[in-house]
Structures are given as C-alpha cells and as structure tokens.
Amino acid sequence: MKRRLLALVLVVTMVFGSTQIAHATVSDAQKGLNSTNKKIKEIEQQQEALQAEIDALDSELVSLLVDIEIIEEEITAKQAELQQAQVDLQAAEEKKQKQYDDMKKRIVYMYENSSVSLIQALLEADSFVDMINRVYYFNEVYTYDRNLLSEYEATVVEVENLISQVKEDEAELEEIKVSYEEQEAALQAKISEKQSSMDNFDSQLADAKALARQYKNTIAAQQQVINSTVNNNSSSSSSSSSNNSSSSSSNSSSSSSSSGGTTYSGSGQAVVDYAYNFIGNPYVYGGTSLTNGIDCSAFVQAVYRNFGVTLPRTSYSQRSVGRAVSVSEIQPGDIVCYSGHVAIYAGNGQIVHASNSKPYPAGGIKVSRYNYRTIITVRRIFE
C-alpha cells in the first residue's frame, strides 16, 4: 500500500512539475513577444517624431536619401553573407569529397579482405560464445559502415542546402543592386529639380541628409528587432501569423476598409490566396500582366484590383496607401514596403511578390522571407 501511495505521489509531482514547466515556457515566450513589441513601438514613436520634421522639409527627398542609405547597407551585408556562404560551401564540398574517398577505400578493403559471409561465419563458429562474438563483429562492421554512409548523406544534403543558399544570396544581391540603380536615378533627378528652383538648396540638402540618417537609424534598429524575433521566436511568430490568418479568413464576408473615400469589402487572407495563384509566372520590369510578366508594384496593384481596390502604380506611392500598421501587428494581406520594392505579407513570416531575382530565368512571382530585406513600412487595406 505504501508503495502504491508513493508511486501516486511521484506521478502527481511529475505531472504538476511538467505543467509548471510548460506554463513557464509559454509565459517566457509571451514575455519575449511583449518585449519585442514594446521595442518596435518605441522605435515607431521615434519615427513619428521625426516625420513631422521630414514633412516640413521635403518628405520625398528625405525618403529617397533614406532608401539610398538603406540599400547601400543591404548591399554590404548581402555581399558579406554571400562570401561566408561560399566559404562554407567550399568547406562542405571538401568534407564531402574526403568522406567519399574514405568510403571508397573502405569498400575496396572489404572486397579484398572480407569474403566471408555472416552465414558462413556462423556455421564455422566453434561454440555458442564464438557465434555471439562473430555476430557482434559483423554488427559492429555494419554499424561502422552505416554511420559512414549516414555522415556522407548528411554532408550531401548540407552541400545542396549551401548551394541553394549561395544562389539565393546571389539573386537577392542582384535584386538589391537593381533597386539601388533605380533609387539613385530618382534621387539625382530630384536633386537636379530642386537645384534649379531653389537658391538655398545646398543647405536644405544637408538638413535632409541629417534627417534621413536619423530616420534610417530607426529603421535599422527596427529591422534588428525583427531579425532577432524571427531567429529566436519562430514558433511564436508562426502561431501568431496562423491565428491572424484564421481571423482574417473568418471575417472575409464582413471585413472592409476605406481608402481614398471608397469602401471595399474583402480580407487580407483572400488577397494572399488570390496572389498565390500566380506563383511561378515571370517578372518583367514595367510589366502589368499577372500571367505574361509583371513587376513588384504592378503585382500588388493587380492583385488588389481583383478586390475592387485601386492602388497607385509605383512602389514609392504604395507606401502611403491604406493605413500604416506596426510590424509587430502585421497580418496576411498587408503591403510590405522595402527600398524600391513592395510585396504582400502571406503569413508565417513570408511574403508573396514579383521579384526580379532568380530562381526564375529573369525573376518571377514567388514566396520569400518577409525580413529578407529592410522593411520601410507596412500598410493595411483591409481591416
């Protein structure tokens, strides 16, 4: 009876302890999420304080300067990532070759020195103990060879993943460089326009650069928080995104938003579902066809047009549509704006967008990580 009572106490203690650990884990995750959201809110408050000064000076000029600084940093960071991925790939390929050579030597050795089968070895055993020893030997040999093969197979997968990573980094670097060229051209055109119409433009440009640097620093800080959240709390982010997706989907019949005085009915999840129909179709700069070729802003414009929403044509203009929402509150269907690029948030830390980088021959409509580039702002059309 005492043993049964003791066993019951132990079981209750273990269950209670497991419950406490699980509760603590959930509580810690929630605290981490709250802390992240608080940091993002604080950064956004800094941006709002700067925005009044930016609007009073020249919002378009400052925005272009911000874009240029962000893209320059993105290029530097992506070049470093690509270089590291190439170093890791070379090391993995060397490891793969060595493992392959070791396996070949092992096979040759076994062929030349081991012609005895397990059955034959068992039949030749002098005693039961000898038989057990022979079985153990064959098992050890098999385990050793199996481990060699498993290590090689794991290295092959590692090499394949690194090859994909290198290609992805190269493609993203290509996209960022194209964005840089576009933004640089727009900036120079804006400067030329201002120089010809303002006597004190040099002073204004200096002020704009100072404001742009401050605003860029807040965006960089925000991106750092986003990246940290993605790396450390991916499971929490997925759960949150899934909940948001379900919520949006369930409200598809009644959700509406006002943009430019017009009311639209729809849901963010419906937008994502529609956008997914075109994945794999080609990217064409200046293109407007969802099937034959389209660029990033035209893609967002065309997808939303299907729901009766009229959006401006350029990625820069789309930064001001709908209403701004915190990155911490991002939901499927939200428009994610980058420097010279725009996408639709798909949930679970992903975006669907028309990208001018590979893997498609000249880019295409595809799914990527939402933090693959620095996020400038997030806009919501459907509430």
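Residues numbered from 1 in each chain as written. Predicted model: local features only at pLDDT ≥ 70, side-chain atom pairs only at ≥ 80, totals over all residues. Heavy atoms only, no water.

So, on to the overall build of the protein. From N to C terminus, the protein includes eight helices and ten strands. Out of the 383 residues in the protein, the part that is buried amounts to 39%. Look at the contacts in the protein between residues 6 or more apart in sequence, and 70% of them connect residues 24 or more apart. Counting every atom, the protein has about 21300 Å² of accessible surface; 53% of that belongs to carbon and sulfur. (Helix = DSSP H or I, 4+ residues; strand = E, 2+ residues; numbered from the N terminus. Buried < 20%, exposed > 50% of the residue type's maximum accessible area, 1.4 Å probe, protein only. Contact = heavy atoms within 4.5 Å. Areas by Shrake-Rupley, 256 points an atom, 1.4 Å probe, with all protein chains shown as cover.)

Across the sheet, six strands lie side by side as β5-β10-β6-β7-β8-β9; this open sheet has antiparallel pairing. Edge strands, defined here as strands with exactly one partner in the open sheet, are β5 (323-325) and β9 (364-369). When strand polarity is set aside, the average angle formed by the axes of neighbouring strands in this sheet is 35°. Summarising the sheet, strand β6 (residues 335-338) and strand β10 (residues 377-380) pair through three bridges and their orientation is antiparallel. (Pairing = 2+ DSSP bridges. Axes fitted to C-alpha atoms, helices over the stretch in contact; angles between N-to-C directions.)

Turning our eyes to something else, we now look at the nonpolar core. Ranked by size, the top nonpolar core spans 28 residues in total, and within it I294, F299, Y304, L311, I335, I344 and I381 carry the most contacts. Put simply, the parts of the chain that give this core at least two residues each are α7 (268-276), α8 (296-305), β6, β7 (341-347) and β8 (350-355). Looking at this core, the element that brings in the most residues is α8, giving seven residues. Beyond its immediate chain neighbours, meaning those up to four positions away, L311 contacts V300, Q301, Y304, V321, I335 and I381. Among the nonpolar cores identified, the runner-up in size contains 19 residues, and L64, L211, I219 and I376 belong to it. (Core = buried A, V, L, I, M, F, W, Y, C linked by side-chain atoms within 4.5 Å.)

Okay, a nonpolar patch on the surface next. Taken together, the side chains of Y276, I279 and V367 present a nonpolar region at the surface, about 210 Å² in accessible area. Assignment of secondary structure puts I279 in the loop between α7 and β3 (288-289). (Patch = residues over 30% accessible without salt bridge, like charges linked within 9 Å, V, L, I, M, F, W, Y side chains within 5 Å. Salt bridge = Lys/Arg side-chain N within 4 Å of Asp/Glu carboxyl O.)

Our next topic: the environment of V284. Looking at the secondary structure, you find V284 in the loop between α7 and β3. Sequence separation between V284 and I294 is ten residues; the distance between their C-alpha atoms is 4.8 Å. Sequence-distant contacts of V284, defined by excluding residues within four places in its chain, comprise N292, G293, I294 and D295.

Moving on, we come to the layout of surface pockets. The space that makes up the largest pocket amounts to roughly 720 Å³. Along the walls of the largest pocket sit 29 residues, with Q51, Y215, I376, T377 and R379 positioned nearest its centre. Secondary structure elements with two or more residues in the lining of the largest pocket: α1 (2-57), α2 (59-113), α5 (201-232), β5 and β10. The element contributing the most residues to the lining of the largest pocket is α1, with eight residues. Taken together, the residues that form the lining of the largest pocket break down as eleven nonpolar, ten polar and eight charged. (1 Å grid on protein atoms, 1.4 Å probe; cavity = no way out; pocket = protein on both sides within 12 Å on 5 of 7 lines; lining within 4 Å. Points joined across faces, edges and corners; volume = space filled by probe spheres on them. Nonpolar A, V, L, I, M, F, W, Y, C, P; charged D, E, K, R; others polar.)

Burial of β8 is extensive: five of the six residues sit out of reach of the surface. Bridging between β7 and β8 involves three bridges; their strand directions are antiparallel. Its bridge partner lying in β8, I344 is registered against V352. The turn joining β7 and β8, which pair antiparallel and follow one another in sequence, is formed by two residues; a positive phi near 55° is taken by N348. When β8 meets β9, the two strands line up antiparallel, connected through six bridges. In the sheet register, V352 faces β9, and the bridge partner there is V367.

One pass over the structure, following the stated rule, counts 20 salt bridges. Linking E158 and K95 is a salt bridge whose minimum nitrogen-to-oxygen distance equals 3.0 Å. Residue E158 is located in helix α4 (residues 128-195), and its partner K95 is located in helix α2; the two are separated by 63 residues in the primary sequence. Accessibility expressed as a relative area gives 37% for K95, which makes it partly exposed.

Positive phi, close to 55°, is recorded for N348, a residue that is not glycine. Relative to the helices and strands, N348 resides in the loop between β7 and β8.

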